[in-house]
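The lines below spell out each chain.
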Amino acid sequence: MTRCAACRSRRIKCHSDCILSPYFPSNDPERFASVHKIYTAGHVARMLQQLPVHLRAEAADALYYEAQCRIRDPVYGSVGVISQLHQLICDAQRQLAKAQAEVACFNAQGEEATTQLQ
Amino acid sequence: LLQLPRNMSANPSSSAGPSGSSSGGGNSSGVGGGPCGACKFLRRKCVTGCIFAPYFDSEQGAAHFAAVHKVFGASNVSKLLLHIPVQKRLDAVVTICYEAQARLRDPVYGCVAHIFALQQQVVNLQAELSYLQAHLATLELPTPPPAPPPPQPHIAPPPLSISDLPTTSCLPATYDLSSLFDPMLQPSWTMQSRPVDPRQFAGGSRAPAEMSGGGDLQELARELLHRHGSPPVPCNEGSHMPPNSR
């Protein structure tokens with residue numbers, strides 16, 4: 001049986017009931033390396049163990065994403081992404097308010113023109 | 001909560017130490033000396049220069065460190081902090097605590113749930129903006145414009161997957177920890193009125209102002225930012241952004 005990335009990294013036998021195997025395949029060693037660096041394999045295994053089986057894939061993906069964020073930005077991690085999304089939201093809201101004001105302006109001009117014609 | 005050195009500077013005191021440390025100095029190993037919150041939790045001697053001491057006081061810091069240790073492990077966090085400049089370690093500890101708490105509250109998605117919610121907001125706002133801009137373009141035409149397109153029916157966007165999430169490299173690089181506690185932009189889990197036992201976070205001596213699930217994290221971020229001299233400014237008031245932290 002091909003060892004999963006986790007067991008290959010730890011140089012141990014990969015048993016059929018390895019909890020990490022479904023989520024850290026051997027063909028993607030970087031995925032496991034990321035989560036191991038930030039959380040360690042033991043913590044990841046324990047966190048997945050505590051979840052229902054049907055939720056573990058999503059949890060593994062989320063852990064991988066957060067680990068990647070932390071590796072790329074050791075200070076802010078995924079909070080950096082949160083902060084930047086907040087900024088995008090602020091910018092979009094400002095632009096939206098501006099566009100809404102412009103539409104209101106056009107509508108007001110249209111109504112004024114209609115009134116003058118009557 | 002996290003305790004900062006009394007004389008806040010880029011270099012927190014390195015004299016954090018065991019019971020002999022003076023409370024008049026800058027060390028943060030707890031009131032009247034003693035182990036820092038991390039060492040208290042780990043039940044080990046808090047040595048001089050303990051990397052956790054400036055950030056986890058002996059009273060409430062232990063509770064925060066418990067979450068960090070459960071998710072990341074003390075050794076990992078120690079290694080992480082060692083590779084970060086001292087003046088950035090406070091921010092790192094805040095964000096690590098935030099992620100740890102988020103992970104404990106939502107064992108599946110952690111703070112990715114928050115990112116999902118924000119990303120969805122961005123998508124919705126951009127869709128609305130696109131529609132309005134198209135509408136404006138028709139209004140600006142000199143000839144009588146055709147009837148504006150009917151409002152698009154609300155079509156639920158496809159569910160986001162983690163692969164759709166942004167990375168820091170594709171977003172503008174400004175960091176503002178005050179975003180952690182903007183109540184208008186928090187995901188549903190922080191707005192839910194989950195009863196929180198204050199003893200879980202505050203050692204029984206202090207209750208956060210908000211008892212919702214994310215209130216203590218918001219209180220944490222707010223207090224640290226206030227001490228750091230970066231008060232929160234809501235984005236709808238036309239704030240100036242703090243300088244780029246990088």
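Whatever comes next refers back to the structure up there.
So, here is what we can say about the structure in this document. Bear in mind the structure is a predicted one, so any value in this text is a computation, not a measurement.

### Looking at the packing of helix α4 (residues 53–72) of chain A against helix α5 (residues 77–117) of chain A
Helices that pack against each other are described as a pair by the angle of their axes relative to one another and the distance between those axes.
Residue and element names in this part refer to chain A.
Argument step 1. At a closest axis distance of 6 Å, the pairing of α4 and α5 adopts a crossing angle of 90°. Put simply, α4 runs roughly perpendicular to α5. Of α5, the residues touching α4 (which contributes Tyr65, Glu66, Cys69 and Arg70) are Gly77, Ser78 and Val81.
Argument step 2. Here the contact of α4 with α5 is composed, by residue class, of three nonpolar, two polar and two charged.

### Some details on helix α2 (residues 61–71) of chain B
Argument step 1. Residues of α2(B) that are buried: B:Gly61, B:Ala62, B:His64, B:Phe65, B:Ala67, B:Val68 and B:Val71.
Argument step 2. In the segment just after α2(B), B:Gly73 is the residue with positive phi, at about 95°.

### Points about the interface of chain B and chain A
Argument step 1. Contacts between the two partners involve 58 residues from chain B and, on the opposite side, 47 residues from chain A.
Argument step 2. Around 5,000 Å² of area is buried between chain B and chain A when both sides are counted, 68% of it from carbon and sulfur atoms.
Argument step 3. Where chain B meets chain A, there are 12 residue pairs in polar contact (both at pLDDT 80 or more).
Argument step 4. Counting only elements with at least two residues in the side of chain B that touches chain A, the list comes to α2, α3 (74–82), α4 (89–105) and α5 (112–139) of chain B.
Argument step 5. Split by residue class, the side of chain B that touches chain A holds 32 nonpolar, 16 polar and 10 charged.

Definitions and limits used
Residues numbered from 1 in each chain as written. Chains lettered and ligands numbered in written order. Predicted model: local features only at pLDDT ≥ 70, side-chain atom pairs only at ≥ 80, totals over all residues. Heavy atoms only, no water. Axes fitted to C-alpha atoms, helices over the stretch in contact; angles between N-to-C directions. Helix = DSSP H or I, 4+ residues; strand = E, 2+ residues; numbered from the N terminus. Parallel < 35°, antiparallel > 145°, perpendicular 65-115°, else oblique. Contact = heavy atoms within 4.5 Å. Nonpolar A, V, L, I, M, F, W, Y, C, P; charged D, E, K, R; others polar. Buried < 20%, exposed > 50% of the residue type's maximum accessible area, 1.4 Å probe, protein only. Buried area = accessible area lost by both parts, 1.4 Å probe. Polar contact = N/O pair within 3.5 Å; in protein donor to acceptor, adjacent residues only side chain to side chain.

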